[in-house]
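Secondary and tertiary structure notes
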Amino acid sequence: MLNASDTPRSDPFSAAAAATSNATGAHGSDSELQQALWAIEFQKVSKSFGAHQVLVDLDLQVRPGEKVTLIGPSGSGKTTVLRLAMTLGKPTGGDIRIFGESILFEATGKPISAGQETRIRRRCGMVFQQFNLFPHLTVLQNLILAPTTVLRQSREQAEVSALEYLRMVDLQDKALSYPSQLSGGQQQRIAIARALVMKPEILLLDEITSALDPELAGEVLDVVRGVAQQSNVSLLIVTHEMRFAREVSDRIAVFDRGRIIEEGPPDKIFGQPDSERTRSFLQSVLNH
Amino acid sequence: MKAVFEYWPVLAQGLWVTIWVAVCIILGALPGAVVLAALRLSETRAIRVASMLLIELIRAPSAVVLLFWAFYALPLLPGMPRLSPLVAAILVLTLDGAAYGAEIVRAGIEAVHRGQTDACHALGVSKIQSFRKVVLPQALSQIVPGFGSLARSMIKWTAIVSFIGVQDVLYVANYVRGQTFDTLTVFCFLGAIYWILTALCGLTFRALEQLLPLNRALRAARASAHAPEIEVLTGAAQ
Ligand SMILES: Nc1ncnc2c1ncn2[C@@H]1O[C@H](COP(=O)(O)OP(=O)(O)O)[C@@H](O)[C@H]1O
Ligand SMILES: [Mg+2]
């Protein structure tokens, strides 16, 4: 266990070589090809903050279009997983791949260049617990900032598409409001729209209803249900809303102390979990 | 009162010098402060430490000492130019203002919530763009008021330039007092002048604050928070 996190540099090298041989069809079976095409793939990822090891040799995969939910006690490392996938931090060991491309290393094993990282990172979007809307900008300006600066769309073009997404979250009449004029639920719906205008192939949702009153959480979850049904975006969700997780997920991974202790389809996890710790966690949440 | 009227042309000239020096050092301190703050927040540790030392070095001695140093001591060093009083004064006070301003700028930038840059990162926005479009516009709402009170102080700092013979309003007023012996009038006039100048400066910065994007957003939010109350009131009246 210690060894794996001590020698991160050698891992990606062989992994990259494996991916190449897949692509050239050396052992071109379907399952191997599919493996290179995971939307998100964590390979033996560990992460420490100082002496505190938060993730331990984590392996996690999300297929393109798959909806995966992470559940588990708070402090177990779920946010850390999403932040690492979003390159909002670097793991201490292991490799993370987005659609087969490492977000950490070049094929040669050297650290990835900033330009490469940015290119791969653009395939991911993230929505945060605290919304993180830009308070000095109107809703519409929040939505067009990235399209105009990153994708170099014209303002008109960006506004047309922004209004479409605002309609999707049913807030087209708030385009000219400032975030502080909106309810928490409305702000979070704007944050989702802001992530979606960038047309991410992967969307990371970190406890997006935890800062909301229960009656406002519903409208936000409805938006996510819509996104899950109508698009083939890959979703990696962290949530404490178990009913929602059960409905929307293809797969659930149960987290505890930086490891996945159990994963499987929602019916299995909520119906007859294997692990005693899963059972006690679910009990504590459902009784809450 | 006669003293002020009689000597008005001289006093006006001194006043003009004071205003000129103040405007120069305030406008000069602003970009200086931004540059020093940027160095202070550098990702390279050596640059961070060096800029911090430089800022402390500038702020530590009294401005008068720094001024004497630049005017009297600097030319004694090999290869250093002899500065005119006006240039030495503007240089020293600009540096001093930049050093104080740097801490205001740094604090303003650091006060912007981490979630803001996280959100930019998640949207693929580059560091430079996220600073320009998200961090700085919000930081300005802290920086501008801070810089406003620094600027008011800097107006008062200008008085020390008379120590090396720059003929600012204090220098001239002292001269007029010597000529007329009307100490009370002259010094009341002087007090009023500094009061007016700092008040004007304060008003300018207050007006500037109103233009900042975050302040505009907060005003809009306050206005809409009051709107429902008005509705309720008119509703009750019907
Ligand atoms: N930036 C950080 N610095 C130090 N410790 C951190 C940091 N971020 C998270 N942690 C620690 O990592 C652990 C896991 O945190 P997190 O991923 O937020 O858990 P979860 O989202 O499951 O509640 C916690 O113990 C937390 O204190
Ligand atoms: Mg969390």
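Please read all numbers here as calculations on a predicted model, not as lab measurements. (Residues numbered from 1 in each chain as written. Chains lettered and ligands numbered in written order. Predicted model: local features only at pLDDT ≥ 70, side-chain atom pairs only at ≥ 80, totals over all residues. Heavy atoms only, no water.)

Our next topic: the overall build of chain A. In terms of helices and strands, chain A carries 12 helices and 10 strands. When contacts within chain A are restricted to residue pairs at least 6 apart in sequence, long-range pairs at least 24 apart make up 65% of them. Carbon and sulfur atoms make up 50% of the accessible area of chain A, which amounts to about 13000 Å² in all. (Helix = DSSP H or I, 4+ residues; strand = E, 2+ residues; numbered from the N terminus. Contact = heavy atoms within 4.5 Å. Areas by Shrake-Rupley, 256 points an atom, 1.4 Å probe, with all protein chains shown as cover.)

Next up on the list: the pairing of strand β1 (residues 40-49) of chain A. All names here are of chain A. Here seven bridges tie β1 to strand β2 (residues 52-62), and the two strands are oriented antiparallel to one another. Bridge assignment links Ile40 to a residue of β2, and that residue is Val62. Two successive antiparallel strands, β1 and β2, enclose a turn made up of two residues, where Gly50 displays a positive phi of approximately 60°. Pairing of β1 with strand β4 (residues 93-98), which is carried by five bridges, proceeds in the antiparallel orientation. Across the sheet, the residue bridging to Ile40 is Ile98, located in β4. (Pairing = 2+ DSSP bridges.)

Quick look at unusual backbone geometry now. Backbone geometry places Phe131 of chain A, a non-glycine residue, at a positive phi of 65°. Tracing the chain through its elements places Phe131 of chain A in the loop between β6 (124-127) and α6 (139-149).

Here we take up the interface of chain A and chain B. Residue-level contacts link 27 residues of chain A with 23 residues of chain B. Interface area lost by chain A to chain B is led by Arg121, Phe134 and His136 of chain A, which between them contribute 26%. For the pair chain A and chain B, the number of links is one salt bridge. Here Asp118 of chain B makes a salt bridge to Arg83 of chain A, at a shortest N to O gap of 2.9 Å. Summed over the shared surface of chain A and chain B, the number is 10 residue pairs in polar contact (both at pLDDT 80 or more). Grouping the amino acids of the side of chain A that touches chain B by side-chain chemistry returns 14 nonpolar, eight polar and five charged. (Buried area = accessible area lost by both parts, 1.4 Å probe. Salt bridge = Lys/Arg side-chain N within 4 Å of Asp/Glu carboxyl O. Polar contact = N/O pair within 3.5 Å; in protein donor to acceptor, adjacent residues only side chain to side chain. Nonpolar A, V, L, I, M, F, W, Y, C, P; charged D, E, K, R; others polar.)

In this section: the side chain of Arg225 of chain A. All names here are of chain A. If you trace the backbone, Arg225 turns up in helix α9 (residues 214-230). Separated by 2.5 Å, the side chains of Arg225 and Glu247 make a polar contact. If near-sequence neighbours (up to four positions away) are discounted, Arg225 is found in contact with Phe244, Glu247 and Val248.

Residue and element names in this part refer to chain A. Every residue lining ligand 1 is accounted for by Phe49, His52, Val54, Pro73, Ser74, Gly75, Ser76, Gly77, Lys78, Thr79 and Thr80. Lys78 is positioned with one of its side-chain polar atoms (N or O) 2.8 Å from an oxygen atom of ligand 1. When ligand 1 sits alone it has 560 Å² of accessible area, and the protein chains cover 59% of it. Going through the elements one at a time, β2 and α4 (78-85) are the ones with two or more residues in the shell around ligand 1. It is α4 that contributes the most residues to the shell around ligand 1, three residues altogether. Taken together, the residues of the shell around ligand 1 break down into three nonpolar, seven polar and one charged. (Near = heavy atom within 4 Å.)

This part covers the pattern of salt bridges. Residues and elements named next belong to chain A. For the structure shown, the criterion picks out 26 salt bridges over all chains. As a salt-bridge pair, Arg225 and Glu247 come within 2.5 Å of each other at their nearest N and O atoms. Of this pair, Arg225 sits in helix α9 while Glu247 is found in helix α10 (residues 242-248), placing the two residues 22 residues apart along the sequence. Between Arg279 and Glu276 there is a salt bridge whose closest N-O contact spans 3.5 Å. Linking Arg279 with Glu276, this pair stays in helix α12 (residues 276-286), spanning three residues, or about one helical turn. By relative accessible area, Arg279 is classed as partly exposed at 36%. Linked by salt bridges that have partners in common, Arg63, Glu66, Arg251 and Glu263 make up one network. (Buried < 20%, exposed > 50% of the residue type's maximum accessible area, 1.4 Å probe, protein only.)

Turning our attention to the packing of aromatic side chains. Residues and elements named next belong to chain B. Using the criterion set out here, one finds six aromatic pairs over all chains in the structure. For the pair Phe68 and Tyr72, a centre-to-centre distance of 5.6 Å together with 70° between the ring planes defines the contact as edge-to-face. Here Tyr72 and Phe68 lie together in helix α4 (residues 63-73), a separation of four residues that amounts to about one turn. You can call Phe68 partly exposed: its relative accessible area is 32%. (Phe/Tyr/Trp six-rings, centres within 6.5 Å; stacked < 30°, edge-to-face > 60°.)

This part is about the sheet that holds β2 of chain A. All names here are of chain A. Strands sit in the order β2-β1-β4-β5 across an open sheet of four strands; the sheet is antiparallel. In the strand order of this sheet, the two ends are held by β2 and β5 (101-102), each with one partner. Running at roughly 115° to β1, α4 makes contact with β1, β2 and β4 of the sheet. (Axes fitted to C-alpha atoms, helices over the stretch in contact; angles between N-to-C directions.)

All names here are of chain B. At their nearest, the axes of helix α8 (residues 169-180) and helix α9 (residues 183-211) sit 9 Å apart, and the two run at 165° to each other. On the basis of the axis angle, α8 is roughly antiparallel to α9. Between α8 and α9 lies a crossing of right-handed hand. Taken together, the residues of α9 that come into contact with α8 (itself represented by Val169, Leu170, Ala173, Asn174, Val176, Arg177 and Thr180) are Thr183, Val186, Phe187, Phe189, Leu190 and Tyr194. In the contact of α8 with α9, the residues fall into nine nonpolar, three polar and one charged. (Parallel < 35°, antiparallel > 145°, perpendicular 65-115°, else oblique. Left-handed = near helix turned anticlockwise from the far one by under 90°.)

Below, the discussion takes up the environment of Arg167 of chain A. Note on placement: Arg167 of chain A falls in helix α7 (residues 155-168). Distance from Arg167 of chain A to Val233 of chain A, taken between C-alpha atoms, is 19 Å for residues 66 residues apart in sequence.

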